[in-house]
Amino acid sequence: MSTSAHSFTEHFSHSSAAIHASSALPHGLRAEADGMSFAEFVHTYSPTSGPIRLGSAECEPKGAGRFEFTATLAIGDTIRSSSVVCHGPAEAITSMLYDAGVNLEILSFHQQITETGYVTYIRGQQDHRTAWAMGTGSDPTESTAKALVAAANRMQDQ
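Scope of this entry: the structure provided in the associated data block. (Residues numbered from 1 in each chain as written. Predicted model: local features only at pLDDT ≥ 70, side-chain atom pairs only at ≥ 80, totals over all residues. Heavy atoms only, no water.)

**Some words on the nonpolar core**
Within the largest apolar cluster, 23 residues are counted, with the highest numbers of intra-cluster contacts made by Ile 52, Ile 93, Met 96, Leu 97, Leu 104 and Leu 148. Secondary-structure elements contributing two or more residues to this core are strand S1 (52-63), strand S2 (66-75), helix H4 (89-99), strand S6 (129-137) and helix H5 (140-156). Looking at this core, the element that brings in the most residues is H5, giving eight residues. Every residue in contact with Met 96, bar those within four places of it in the chain, is listed here: Phe 69, Thr 70, Ala 71, Leu 73, Ser 82, Ser 83 and Val 84. Counting 10 residues, the second largest nonpolar core, distinct from the first, contains Leu 29, Ala 33, Phe 41 and Tyr 121. (Core = buried A, V, L, I, M, F, W, Y, C linked by side-chain atoms within 4.5 Å. Buried < 20%, exposed > 50% of the residue type's maximum accessible area, 1.4 Å probe, protein only. Helix = DSSP H or I, 4+ residues; strand = E, 2+ residues; numbered from the N terminus. Contact = heavy atoms within 4.5 Å.)

**Looking at the pattern of salt bridges**
As enumerated under the stated definition, the model contains four salt bridges in all. The residue Glu 60 makes a salt bridge to Lys 62 at a minimum N-O spacing of 3.5 Å. Overall, Glu 60 belongs to the partly exposed group, its relative accessible area being 44%. For Lys 146, the salt bridge goes to Glu 142, with nearest N and O atoms at 3.2 Å. Here the residue Lys 146 and the residue Glu 142 both occupy positions in helix H5, the gap between them amounting to four residues, near one helical turn. What emerges from the salt-bridge pattern is a single network uniting Glu 60, Lys 62 and Glu 68. (Salt bridge = Lys/Arg side-chain N within 4 Å of Asp/Glu carboxyl O.)

In structure tokens, the structure reads:
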């Protein structure tokens, strides 16, 4: 059976490049993903197309627990690059999205290190819509930014 035909939980249970146990998934997301193939899970929870796209996300320490986050976001046909000094990537990206007119609230945040980088799961809310999303990356900033953009895009589709 190919990897795409395996259920999501089987993929994470057997893949050396991913999380090693389905119990590592947040409870609500685990219930939603039950029975999905890995390809279905990625397509659903980590969409790469939508009105909001991430160009780049970087982080530089500034001392006293603060960092300067720089990101490039495309929202529709508008490309925005901005920087913000704050305590973490979730605060930075939600602030940048808000400045661009996308009001996204984080209801749940889960981040894990895998053998290939980081995976971030976010349950977000926008108005009365909620959605789980996933982002992966080589560092916490990239995976958080991708998860937030995926959450915003998932809610645009609801």
